[in-house]
Each structure stands twice: as structure tokens, then as C-alpha cells.
Amino acid sequence: MELITSLALGIGLSACCGFRIFVPMLVTNIAALAGHYHFGTGFEWMGTMTAFYIFASATVLEIIAYYIPWVDNLLDSIATPASIIAGTILTTSFIAGDLPPTMKWVLGFLVGGGSAGIVQLGTTVTRLTSTATTAGFGNPIIATIENILSIVFSILSVFLPILLAVGAVLLVMFLGKKLVRRL
């Protein structure tokens, strides 16, 4: 059951990395600082005050950058691989139990990196469509929706991991279908 809860937490937060990379990391850092969560071996640094300052600064910069015209599309090209990395790290940091480290990283990459990557690709396609159809004027609305989703779902993932994991899996399946049809 512990592995299922860990994977559920990783799936929910990794999917949120597809909306904003640093919001889920900041939320988990705050949860760890509040004593709600303890990171696995080797990931204790994610629950420190130093990490808090880094994640908070990066979160503010990332959120602001998505409101700057054309920077948002440029940021998407960087955000796609970064979200996969962040999703992998988050999921791997939650996997508890006696699994070998290699298995933890493989699960982290497949579950966390995959979830983050598919959601990020979906947001990239949405932003490109908005740029093409509204000359970028609709992008701040999309950025606001993504910010809200990332913040709310990250917080809910910490407290309701199984519920949010189911929602994240459904979102990933929906976006995956849309991406396959689009391609």
C-alpha cells in the first residue's frame, strides 16, 4: 500500500509539473518543512530552507515569464525536458520501500516523467494554438488557468494523493489521445 500511495503522490505532482515545473516542488518542500512529508534517502535536500528559497524564487520567475508575450512559447521549449526531469525527481523521491535504486528511478521516469511530459506537451500545443489564433493575446488567460491548476492540484496531491492520481491518469490519457490525433 505504501508503494501505491507513493506512486499516486508522484503521479499527481508530476502531472502538475506539466503545468508549472517549480510549483509542485515548492508545495512538496513546504509540506516537508511543515512535517507532513519526509523525503526518501538521498532527497532530504528537497525539504530544506535552502531548497525553499530556490523553489520559491524559481516559481515566481516561472509564473511571471508565462505572462510575457512570446517568452511563454520560448519557455515551453525549455519546459518540456525540464518538466520530465522534475516529474522523475519528484516521483523517485516519494517511492518508499525496499526497491533497488535502479527500479525507483525507472518507475520515477516512466510514471513521473511520462505524466509530466504528456501534460507539458498538451499545454505547449494549447499555447501554440492560442498564439496562432489570437496572436498571443489569449496566452495570459491560458497561463492563469495553468497556474491555478498547478497550485490547486499540487496542494490536493499532497493531501489526497490517490484521488489526484486517478485524475492525473485520466488527464494524461485524454491529452495523450488528443496529441496522437493531432500528430
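See the structure shown above.
Residues numbered from 1 in each chain as written. Predicted model: local features only at pLDDT ≥ 70, side-chain atom pairs only at ≥ 80, totals over all residues. Heavy atoms only, no water.

Colleague: In this structure, what is going on with the nonpolar core? I would like to understand it.
Modeller: General note: in soluble globular proteins, nonpolar side chains tend to be found buried as a group. One finds Met 25, Phe 39, Met 46, Leu 90 and Phe 94 to be the most contacted residues of the largest nonpolar core, which totals 22 residues. Listing elements by their share of this core, those giving two or more residues are helix 1 (2–17), helix 2 (22–33), helix 3 (49–65) and helix 4 (71–94). Of the residues forming this core, the biggest block, 5 residues, is contributed by helix 4. In this view, Phe 94 contacts Ser 6, Leu 9, Gly 10, Leu 13, Thr 28, Tyr 37 and Phe 39; residues no more than four positions away in its chain are not counted. Counting 13 residues, the second-largest nonpolar core is a separate cluster that includes Ala 8, Ile 11, Ile 95 and Leu 107. (Core = buried A, V, L, I, M, F, W, Y, C linked by side-chain atoms within 4.5 Å. Buried < 20%, exposed > 50% of the residue type's maximum accessible area, 1.4 Å probe, protein only. Helix = DSSP H or I, 4+ residues; strand = E, 2+ residues; numbered from the N terminus. Contact = heavy atoms within 4.5 Å.)

Colleague: What is the right way to look at the environment of Phe 43 in this model?
Modeller: Mapped onto the elements of the fold, Phe 43 is located in the loop between helix 2 and helix 3. Classification of Phe 43 as buried rests on a relative accessible area of 10%. The sequence separation of Phe 43 and Ile 89 amounts to 46 residues, and the corresponding C-alpha distance is 8.8 Å. Contacts of Phe 43, omitting those with residues within four sequence positions, involve Ile 89, Thr 92, Ser 93 and Trp 105.

Colleague: In this structure, what is going on with the layout of surface pockets? I would like to understand it.
Modeller: Where empty space is left in the structure can be found by rolling a water-sized probe over the atoms. Put simply, the largest pocket is a space of about 400 Å³. What lines the largest pocket is a set of 26 residues, and nearest its centre among them are Tyr 37, Ser 93, Phe 94, Ile 95 and Ala 96. Counting residues per element, the lining of the largest pocket draws most heavily on helix 1, at 4 residues. In this structure, the second largest pocket spans a volume of roughly 160 Å³. (1 Å grid on protein atoms, 1.4 Å probe; cavity = no way out; pocket = protein on both sides within 12 Å on 5 of 7 lines; lining within 4 Å. Points joined across faces, edges and corners; volume = space filled by probe spheres on them.)

Colleague: How should I be thinking about helix 1 in this particular structure?
Modeller: Each α-helix winds once per 3.6 residues, and so residues spaced three or four apart point in a common direction. Here helix 1 spans 22 Å end to end across 16 residues, near enough to the 22 Å set by a 1.5 Å rise per residue. The buried fraction of helix 1 is high, at 12 of 16 residues. Within the sequence span of helix 1, burial applies to Ser 6, Leu 7, Ala 8, Leu 9, Gly 10, Ile 11, Gly 12, Leu 13, Ser 14, Ala 15, Cys 16 and Cys 17. On its buried face, helix 1 is in contact with helix 2, helix 4, helix 5 (101–134), helix 6 (139–159) and helix 7 (161–182). (Expected span 1.5 Å × (residues − 1).)

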